[in-house]
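# Breakdown of the fold
In case you want the letters, here they are:
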Amino acid sequence: MPRDNIAVLREGFDAMNSGDEGRILAFAHPDFETVVPPEFSTEPDTYRGHDGIRHYFELFDDAMEDVRFEAEQMWEAGDSVVAVVRLTARGKQTGIAVEQRSAQVWTIREGRALRAQTFSELVEAFAAVGLDPPPDAA
């Protein structure tokens, strides 16, 4: 029986938090793509495929530690999941804790993440999948 997309995404976040490259790559479709917009990174970029995922996490490894991804809320949206995501980390050299919240749309195909889109506002994420935010959206 296929897993629902929210279960797939939960497993993916567990994989990302484990730091285990094999688990992370198993979660990501070979054609995976994500764009990190400038409002969320000093190094905005587009990351494609498994090499792009490796590069994304290498950037974290160079500057940050204790990197954690937490989906605070999730909603099914067809072949996608809309999520409120909290990213926490600590600077390796400074020890300064950082926290960032975003709204994301994860597209799931064949039980794996195909695409992740990041937005500043939850309403933007729901609009990207053609839906209005539900009443329980924070």
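Look up a bit, the structure's there.
Once a new chain begins, its residue numbering starts again from 1 and follows that chain's sequence as written. Predicted model: local features are reported for residues with pLDDT of at least 70 only, side-chain atom pairs are reported and counted for 80 or more only, and whole-chain, interface and lining totals are derived from all residues. Excluded from the side-chain calculation are hydrogens and water; included are all heavy atoms of the structure.

### Some details on the overall build of the protein chain
Runs of E in the DSSP output that reach at least two residues are strands. Runs of H or I that reach at least four are helices, and both are numbered from the N terminus. Scanning the protein chain from terminus to terminus reveals four helices and six strands. Element order for the protein chain, N to C, with α for helix and β for strand: α-α-β-β-α-β-β-β-β-α. We compute the radius of gyration over the C-alpha atoms and compare it with the globule rule, which gives 2.2 Å times the number of residues raised to the power 0.38. Its C-alpha radius of gyration of 15 Å places the protein chain within 12% of the 14 Å reference for a compact globule of 138 residues. In terms of overall dimensions, the protein chain has C-alpha extents of about 40 × 30 × 20 Å along its principal axes.

### Examining the nonpolar core
Remark: nonpolar core denotes a set of buried residues (Ala, Val, Leu, Ile, Met, Phe, Trp, Tyr, Cys) joined through side-chain atoms within 4.5 Å. Burial classification: accessible surface area is computed with a 1.4 Å probe over protein chains only, and a residue below 20% of its type maximum counts as buried, one above 50% as exposed, and the rest as partly exposed. Leu9, Phe69 and Trp106 are the most contacted members of the largest nonpolar core, which totals 27 residues. Those elements that place two or more of their residues in this core are helix 1 (5-18), helix 2 (21-27), strand 1 (28-36), helix 3 (49-63), strand 3 (64-77), strand 4 (80-91), strand 5 (97-109) and strand 6 (112-119). What makes two residues a contact is simply this: any of their non-hydrogen atoms within 4.5 Å. When residues no more than four places from it in sequence are discounted, the contact partners of Trp106 are Leu9, Phe13, Met16, Phe27, Phe32, Asp79, Ser80, Val81, Ala113, Arg115 and Ala116.

### Remarks on the pairing of strand 3
Two strands pair when backbone bridges link them, and strand 3 and strand 4 are joined in this way by 11 bridges, in the antiparallel orientation. Each residue of the ladder has a partner; that of Met64, found in strand 4, is Gly91. Between any two strands, at least two bridges found by DSSP are needed for them to pair. Taking the residues that link successive antiparallel strands as the turn, the strand 3-strand 4 hairpin has two residues, and the phi of Gly78 there is positive, at about 70 degrees.

### Examining the sheet that holds strand 5
Taken in spatial order, the six strands make up an open sheet running 2-1-6-5-4-3, and their pairing is mixed. The open sheet has two edge strands with one neighbour each: strand 2 (45-48) and strand 3. Across this sheet, the average inter-strand angle for adjacent strands is 20 degrees, counted without regard to direction. Comment: axis = line fitted to C-alpha atoms, over the contacting stretch for helices; angle = value between 0 and 180 degrees taken between N-to-C directions. Against the sheet, helix 1 contacts strand 3, strand 4, strand 5 and strand 6, and its axis sits at roughly 180 degrees relative to strand 3. With respect to the sheet, helix 3 is in contact with strand 1, strand 2, strand 3, strand 4 and strand 6, its orientation differing from that of strand 2 by roughly 130 degrees.

### Describing the layout of surface pockets
Each pocket or cavity is described by its volume, and for the largest pocket that value is around 820 Å³. Contributions of two or more residues to the lining of the largest pocket are made by helix 1, helix 2, strand 1, helix 3, strand 3, strand 4, strand 5 and strand 6. Three residue categories are used. Nonpolar comprises Ala, Val, Leu, Ile, Met, Phe, Trp, Tyr, Cys and Pro, charged comprises Asp, Glu, Lys and Arg, and polar comprises the others, including Gly. Here the residues of the lining of the largest pocket sort into 25 nonpolar, eight polar and three charged. Looking at the second largest pocket, its volume works out to about 270 Å³. Cavity means a closed set of points on a 1 Å grid over the protein atoms alone, one where a 1.4 Å probe fits but cannot get out, pocket means an open set with protein on both sides within 12 Å along at least 5 of 7 lines, and lining means a residue has an atom within 4 Å of a point. The wall of the second largest pocket is formed by 17 residues, among which Met16, Gly19, Ile24, Phe57 and Asp61 lie closest to the centre. Among the secondary structure elements, those contributing two or more residues to the lining of the second largest pocket are helix 2, helix 3 and strand 3. Element by element, the count of residues in the lining of the second largest pocket is highest for helix 3, at six residues. Broken down by class, the residue content of the lining of the second largest pocket amounts to nine nonpolar, one polar and seven charged. Grid points are joined across faces, edges and corners, and a volume is the space filled by probe spheres set on the points.

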